[in-house]
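Letter by letter, the chains look like this.
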Amino acid sequence: MEENNAIILLRNRFESLKGVQRVLTEIILSDLNSFIKMDIKDLAEKANIAQSSVVRFFQLLGFKEYSDFKINIAKNMEQQNVLEKHSVHKKDSIKDIMRKTAYISIKAINDSVDAIDIDSLSRAVGWLHKARRIDFYGMGSSSMLVHDCYYRIMRIGYPCFFATDPHIMRTSANFLDKYSVAFAISYTGRSKDPLRALEIAKQRGAKTICLTGFKDSPISKTADCSILCISNETKTLGESYSNTVAQKVMLDGIYNCLAAKRTTPEKQEDLHKMLEETRL
């Protein structure tokens, strides 16, 4: 789980950290082997800060003692070494690239499932099930997730809408009310337009949910309910797709939870017959 892996915790909170916390995180992540050999005094001197600032830092991350923090880092370094072995390089064969890509995606899925906050997920599913209207928002690579999520949930009988255009997001959010749910997808949690749509929806009284990769991101802090999707970044030759794969699995899980509440064998059969009419 994210709370039990200090390396993942630091990586996923990095963008939200500032000042001393960001400096310390950069030092630690830049050379994990060197870090585990440092005591508090060494780390404080390297960061040019007081030792008390180091203490506040690891306590803020949920560790009582500096030794607990270091032991956690050391324990999870083996996992990091495995991930490094699965980094994609130009010299790799097609077969190796495919195997590494599969490993990276599977790892992201497993990390995300392990990090699920069941209380938050249950609350989100409950809100979606009772909603009179559900709006899905997303931009860029999240837009295809939004469209797929809308289509699948709509076809089992939920009143859905989706928007991937900034103007439409804001306009749609403006018409939501206390019986509605706004669901934004943003891996970084810093996409301006989905965030603004959630803010508007919240002002109108709607419940707000987000699916994001960063616990302390702006969108996570804005949403009433935040669902975390972890992707431990592994080097690829282009943009990593593993976070999108993990998000898709999380959304599939939400779909299945809703389907279990709404569908019956008879409804499934009717839908199957209807879709068969579109095929030769």
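Presented here is an overview of the structure given in this document. (Residues numbered from 1 in each chain as written. Predicted model: local features only at pLDDT ≥ 70, side-chain atom pairs only at ≥ 80, totals over all residues. Heavy atoms only, no water.)

**Focus: the nonpolar core**
- Membership of the largest hydrophobic core comes to 32 residues, with the highest contact counts inside it found for Phe136, Phe183, Ile209 and Ile227.
- Among the elements of the structure, α8 (118-130), β1 (133-138), α9 (141-154), β3 (180-185), β4 (207-212), β5 (225-228) and α13 (242-262) are those that each provide at least two residues to this core.
- In terms of residue count, α13 provides more of this core than any other element does, 7 residues in total.
- With near-sequence residues (within four places) excluded, isoleucine 227 lies in contact with Leu121, Ala124, Phe183, Ile209, Cys210, Leu211, Thr212, Met250 and Ile254.
- Ala6, Ile28, Ala47 and Phe57 belong to the second-largest nonpolar core, a separate cluster that totals 24 residues. (Core = buried A, V, L, I, M, F, W, Y, C linked by side-chain atoms within 4.5 Å. Buried < 20%, exposed > 50% of the residue type's maximum accessible area, 1.4 Å probe, protein only. Helix = DSSP H or I, 4+ residues; strand = E, 2+ residues; numbered from the N terminus. Contact = heavy atoms within 4.5 Å.)

**Thoughts on the packing of helix α1 (residues 6-13) against helix α2 (residues 19-30)**
- One can describe the packing of α1 onto α2 by two numbers: an axis separation of 11 Å at closest approach and a directional angle of 130 degrees. Compared by their axis directions, α1 and α2 come out oblique. Our pair here, α1 against α2, has a crossing hand that is left-handed. Here α1 contributes Ile7, Leu10 and Arg11 to the contact with α2, which in turn contributes Thr25, Ile28 and Leu29.
- Grouping the constituent residues of the contact of α1 with α2 by class yields 4 nonpolar, 1 polar and 1 charged. (Axes fitted to C-alpha atoms, helices over the stretch in contact; angles between N-to-C directions. Parallel < 35°, antiparallel > 145°, perpendicular 65-115°, else oblique. Left-handed = near helix turned anticlockwise from the far one by under 90°. Nonpolar A, V, L, I, M, F, W, Y, C, P; charged D, E, K, R; others polar.)

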